[in-house]
Amino acid sequence: MLGLVMKLITIGNLRSLISREHPKMTPLSIDEVMNAYHDVSTLYPFAPSMSIWRAWELAAYRRYKLPGPILDLGCGDGQYFKLVWPSIKDVVGIDIDSSIIDSAVASGVYTSVLETSAANMSIADSSFNSVFANCSLEHMDDLDSVLANVRRVLRPNGAFLLSVVTDKFLEWVTLADIASLLDGPARGSSIINHYSSYHHLVTALPPERWVSRIESAGFNVLEHTPIMPELVSRLDLFVDCLWHQPDTGKEFGAKLHESFKSIPHFPEVLGDIVKALLVAEKSATVGSGAVFYAKRKS
């Protein structure tokens, strides 16, 4: 009899696992990306890697409405939040970078801006209906503490909208591949290490592992939008990695910026290149980044 009961329990557990809904994957269309690129390129007209990456995030975010009050986790200067949700006023920003706090305050986006780490933020429990984390979690030490804090400050069933990089982010750094081919593997590894260190890249996981970490912290991940498929990623990461290479006391990006400014209609020209790459992409479901929409479990 006990054996039968255990067998039924096992079958029930298996059915529960099988019936559990995985996050709904919703790839972006070319039109969604290009419409977002048109708007983002006004914010970063001569910084291609920023315009391209932020366009994909913006296209994904436009699918959602976040109820206030909102916590912007790793807010930066606030300009991107203003672009994504220009009418939202009930939002608090936090950032660990002291040099950016004044700009965030001056943006007029936030009711208050706190200089603190997400792992140690002293914000009252259940203070927010939504938390927004734009490409910030992968740079944060002690991810488990960060996610626990996000859950703590969210109200039950509160929304958590975030973008992150995946394991493909470093895999598709083509400048490192070229350097390895020309100067040997050590040079390629040096470029990867410098690039990772520059971005303080702590966590770059496959999407399914991101989902596991987020859900283990007390969330249900409902939707997954892959961003930055391979061809676009390789262009974006090549430019970004080259941009941040040391060059006589500066970054090489200083020269690239001036060069791009000299090209007539540069944002539009870059947009045409991005669109052509999107047409040529083999898969829109594998990217160097991902946007997740989750809800806090009650």
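Rules used in this analysis
- Counting starts from 1 at the beginning of each chain's written sequence and moves along it residue by residue.
- The model is predicted, so local features are restricted to residues of pLDDT at least 70 and side-chain atom pairs to those at 80 or more, both for listing and for counting; the totals for chains, interfaces and linings are taken over all residues.
- Values reported for side chains reflect all heavy atoms of the structure, with hydrogen atoms and water molecules removed beforehand.
- A run of DSSP states H or I qualifies as a helix once it reaches four residues; a run of E qualifies as a strand once it reaches two. Both are numbered from the N-terminal end.
- Buriedness of a pocket was judged along seven lines, with at least five required to meet protein on both sides within 12 Å; pockets are open sets of points on a 1 Å grid over the protein atoms alone, cavities are sets where a 1.4 Å probe fits but cannot get out, and lining residues have an atom within 4 Å of a point.
- Grid points are joined across faces, edges and corners, and a volume is the space filled by probe spheres set on the points.
- Three classes are used, and their members are as follows: Ala, Val, Leu, Ile, Met, Phe, Trp, Tyr, Cys and Pro are nonpolar, Asp, Glu, Lys and Arg are charged, and the others, Gly among them, are polar.
- All axes are obtained by fitting lines to C-alpha atoms, using only the stretch in contact for helices, and the reported angles, taken between N-to-C directions, cover 0 to 180 degrees.
- Residues count as neighbours in contact if any of their non-hydrogen atoms are within 4.5 Å of one another.
- Burial classes: relative accessible area under 20% of the type maximum marks a residue as buried, over 50% as exposed, and values in between as partly exposed (1.4 Å probe, protein chains only).
- Working note: the arc is built from the helix axis to C-beta atom directions.
- A residue's pLDDT is the predictor's confidence in that residue, given on a scale from 0 to 100.
- Nonpolar cores were defined as sets of buried Ala, Val, Leu, Ile, Met, Phe, Trp, Tyr and Cys residues, with membership established by side-chain atoms within 4.5 Å.
- Stacked, tilted and edge-to-face pairs are distinguished by plane angle, under 30 degrees for stacked and over 60 for edge-to-face with tilted covering the rest, among Phe, Tyr and Trp rings (Trp via its six-membered ring) whose centres lie within 6.5 Å.
- Counted as over-ring charges are cases with an Arg CZ or a Lys NZ within 6 Å of the ring centre that also lie within 35 degrees of the ring normal.
- Here the positive residues are Lys and Arg and the negative ones are Asp and Glu; neither His nor the chain ends is included.
- The salt bridge criterion pairs a side-chain nitrogen of Lys or Arg with a carboxyl oxygen of Asp or Glu, the two atoms within 4 Å.
- Two strands pair if DSSP finds at least two bridges between them.

Caption draft 1: Broad picture of unusual backbone geometry. Of the consecutive residues G68 and P69, the connecting peptide bond is found in the cis state with omega at 0°. Of note, P69 is situated in the loop between α3 (48-61) and β2 (70-73). One non-glycine residue with positive phi stands out, namely D142, at about 60°. Mapped onto the elements of the fold, D142 is located in the loop between β5 (128-134) and α6 (143-153).

Caption draft 2: Structural view of the layout of surface pockets. Space inside the largest pocket adds up to approximately 1400 Å³. Residues that form the lining of the largest pocket fall into these classes: 26 nonpolar, 14 polar and nine charged. Taken as a whole, the second largest pocket encloses approximately 190 Å³ of empty space. Residue lining of the second largest pocket: M34, Y37, H38, S41, T42, P267, E268, G271, D272 and K275, and that is the complete set.

Caption draft 3: Here's a closer look at the packing of helix α11 (residues 230-243) against helix α13 (residues 266-280). At a closest axis distance of 8 Å, the pairing of α11 and α13 adopts a crossing angle of 145°. Taken together, the residues of α13 that come into contact with α11 (itself represented by L231, V232 and L235) are I273, V274, L277, L278 and A280. Per-class residue counts for the contact of α11 with α13 are eight nonpolar, no polar and no charged.

Caption draft 4: Region of the structure containing helix α10 (residues 207-216). Considered for burial, the residues of α10 that qualify are W210, V211, I214 and E215. Across the axial projection of α10, the buried residues extend over an arc of 125°, all falling on one side. Residues E208 and S216 are exposed on α10 and point more than 90 degrees away from its buried face. Looking one or two places after α10, you find G218, whose phi comes out positive at around 105°.

Caption draft 5: The arrangement of the confidence of the model for the protein in detail. On average, residues of the protein score 92 in pLDDT, and 93% of them reach the 70 mark or higher. Contacts of residues 4-20 to residues separated by more than four positions or lying in other chains number one contact, the stretch itself having pLDDT below 50.

Caption draft 6: Region of interest: the nonpolar core. With 60 residues, the main nonpolar core has W56, Y61, F81, W85, Y110, F132 and L161 as its most contacted residues. Looking at which element gives the most residues to this core, the answer is α3, with eight residues. In this structure, F132 is in contact with Y61, L66, I70, L71, D72, L73, F81, W85 and L161, ignoring residues within four places of it in sequence. Counting residues in hydrophobic clusters, the runner-up holds 32 residues, among them A119, I123, F128 and V164.

Caption draft 7: View of the packing of aromatic side chains. Under the criterion given, the structure shown has 13 aromatic pairs. Ring plane angle 5° and centroid distance 5.8 Å describe the contact between F169 and Y195, whose orientation is recorded as stacked. Of this pair, F169 sits in helix α7 (residues 168-171) while Y195 sits in helix α9 (residues 185-198), and the two are 26 residues apart along the sequence. Exposure class is identical for F169 and Y195. Each is buried. Taken together, the aromatic side chains of Y61, F81, W85, Y110 and F132 make up a single cluster linked through ring pairs. R54 extends its terminal NZ or CZ atom over the ring of Y80, reaching a point 5.4 Å from the ring centre.

Caption draft 8: Region of interest: the side chain of D236. Residue placement: D236 occurs in helix α11. No salt bridge is formed by the buried D236, whose closest oppositely charged neighbour, R54, lies at an N-O distance of 8.7 Å. Apart from the residues lying within four places of it in its own chain, the contact partners of D236 are P48, S49, I52, W53 and M228.

Caption draft 9: Looking closely at the environment of F238. Turning to its location among the elements, F238 is positioned in helix α11. Taking C-alpha positions, F238 is 30 Å from S117, a pair spaced 121 residues apart along the chain.

Caption draft 10: The sheet that holds strand β3 (residues 91-95), seen in detail. Here we have eight strands laid out as an open sheet, ordered β1-β7-β10-β6-β5-β2-β3-β4, and mixed in their pairing. What marks the edges here is a single partner per strand, and that holds for β1 (24-25) and β4 (112-115). Relative to β5, β2 runs parallel, the two sharing three bridges. When the bridges of β5 are listed, L71 appears paired with V131.

Caption draft 11: Geometry of the pattern of salt bridges. Summed over the entire model, instances satisfying the criterion amount to nine salt bridges. A salt bridge links E32 to R63, with the nearest nitrogen and oxygen atoms 2.9 Å apart. Of this pair, E32 sits in helix α2 (residues 30-40) while R63 is found in the loop between α3 and β2, placing the two residues 31 residues apart along the sequence. The class of R63 is partly exposed, set by a relative accessible area of 31%. The salt bridge partner of R213 is D144, with a shortest N-O separation of 3.1 Å.

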